[in-house]
Amino acid sequence: SLELEQLFSGDVSDTSDETLSNALVFGSAGSGKTTVFLKMLMHLWCTGRLWRDDIDLVLALELREAEVQAASSLAELLEVKLGCHGMEKDELLRLSRYFRTNPSRLCL
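Computed from a prediction, not measured in an experiment: that's the story for all the values here.

Rules used in this analysis
Residues numbered from 1 in each chain as written. Predicted model: local features only at pLDDT ≥ 70, side-chain atom pairs only at ≥ 80, totals over all residues. Heavy atoms only, no water. Core = buried A, V, L, I, M, F, W, Y, C linked by side-chain atoms within 4.5 Å. Buried < 20%, exposed > 50% of the residue type's maximum accessible area, 1.4 Å probe, protein only. Helix = DSSP H or I, 4+ residues; strand = E, 2+ residues; numbered from the N terminus. Contact = heavy atoms within 4.5 Å. Axes fitted to C-alpha atoms, helices over the stretch in contact; angles between N-to-C directions. Parallel < 35°, antiparallel > 145°, perpendicular 65-115°, else oblique. Left-handed = near helix turned anticlockwise from the far one by under 90°. Nonpolar A, V, L, I, M, F, W, Y, C, P; charged D, E, K, R; others polar. Salt bridge = Lys/Arg side-chain N within 4 Å of Asp/Glu carboxyl O. Expected span 1.5 Å × (residues − 1). Arc of directions from axis to C-beta. pLDDT = per-residue confidence, 0-100.

Novice: How should the nonpolar core be read in this particular structure?
Specialist: Of all hydrophobic cores here, the largest spans 7 residues; its members are Leu57, Leu59, Leu78, Leu82, Leu92, Phe99 and Leu106. Sorting the residues of this core by element identifies helix 4 (74-82) and helix 5 (89-101) as the ones contributing at least two each. If we ignore the near neighbours within four places in the chain, the residues touching Leu78 are Leu57, Leu59, Gly83, Leu92, Leu95 and Ser96.

Novice: Explain the packing of helix 4 against helix 5 here, please?
Specialist: In a pair of packed helices, the angle between the axes and the distance between the axes together describe the arrangement. Where helix 4 contacts helix 5, the two axes come as close as 9 Å, and the packing angle between them is 125°. Taken together, the axis directions place helix 4 and helix 5 in an arrangement best described as oblique. Helix 4 and helix 5 meet at a crossing whose hand is right-handed. Across the interface between the two elements, Leu74, Ala75, Leu78, Glu79 and Leu82 of helix 4 pack against Lys89, Leu92, Leu93, Leu95, Ser96, Phe99 and Arg100 of helix 5. Split by residue class, the contact of helix 4 with helix 5 holds 8 nonpolar, 1 polar and 3 charged.

Novice: Would you mind showing me how to read the pattern of salt bridges here?
Specialist: Note on pairing: side chains with opposite charge can pair once their charged atoms come close. Applying the stated criterion to the full structure yields 4 salt bridges. Linking Asp56 and Arg105 is a salt bridge whose minimum nitrogen-to-oxygen distance equals 2.7 Å. Of the two residues, Asp56 sits in the loop between helix 2 (33-46) and strand 1 (57-58) while Arg105 sits in the loop between helix 5 and strand 2 (106-107), which places them 49 residues apart along the sequence. Relative accessible area serves as the criterion here: at 32%, Asp56 is assigned to the partly exposed category.

Novice: Is there a simple way to explain helix 5 in this structure?
Specialist: Owing to its 3.6 residues per turn, the α-helix brings residues three or four apart onto one side. Compared with an ideal rise of 1.5 Å per residue, which puts 13 residues at 18 Å, helix 5 spans 19 Å between its outermost C-alpha atoms and is within 8% of the ideal. Contact partners of the buried residues in helix 5: strand 1, helix 4 and strand 2.

Novice: So what exactly am I meant to see when it comes to the environment of Leu92 here?
Specialist: Tracing the backbone through its elements, the reader meets Leu92 in helix 5. We classify Leu92 as buried; its relative accessible area is 3%. Spatially, the C-alpha atoms of Leu92 and Glu79 are 6.4 Å apart, while their sequence positions differ by 13 residues. Excluding anything up to four places from it in sequence, Leu92 contacts Leu78, Glu79, Leu82, Gly83 and Met87.

Novice: Explain helix 4 here, please?
Specialist: Restricting attention to buried positions, one finds in helix 4 the residues Ala75, Leu77, Leu78, Lys81 and Leu82. One face of helix 4 carries all of its buried residues, which in axial projection span an arc of 160°. In this structure, the buried residues of helix 4 make contact with strand 1, helix 3 (66-70) and helix 5.

Novice: Can you help me understand the confidence of the model for the chain in this one?
Specialist: For residues with low pLDDT, the predicted coordinates do not support detailed interpretation. Residues with a pLDDT of 70 or more make up 76% of the chain, whose mean pLDDT is 78. When mean pLDDT is compared element by element in the chain, helix 3 scores highest at 89, while helix 1 (residues 4-9) scores lowest at 62.

Okay, structure coming up:
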């Protein structure tokens, strides 16, 4: 078995020293596999244990949310997800421009 950090760090060797290229998570439908996995990824990023030098912002998007579905631009999506944290409109637009020119720095 592997620790979650190993899946994304490049250190995915098993005990036989063979490099793994795939991971499979087992569980019944609706058991929370995706939710737990995504929350763990976000926690690892927030605590500096994963992607800290590569990603500037991680956003969890609930595609069922009407506000997320209605967003027609990255700026609107950032406003939906970050606007509640007191960011001004011009800050959101600057952030949106930054991520449009540096898309690899944003994890959605």
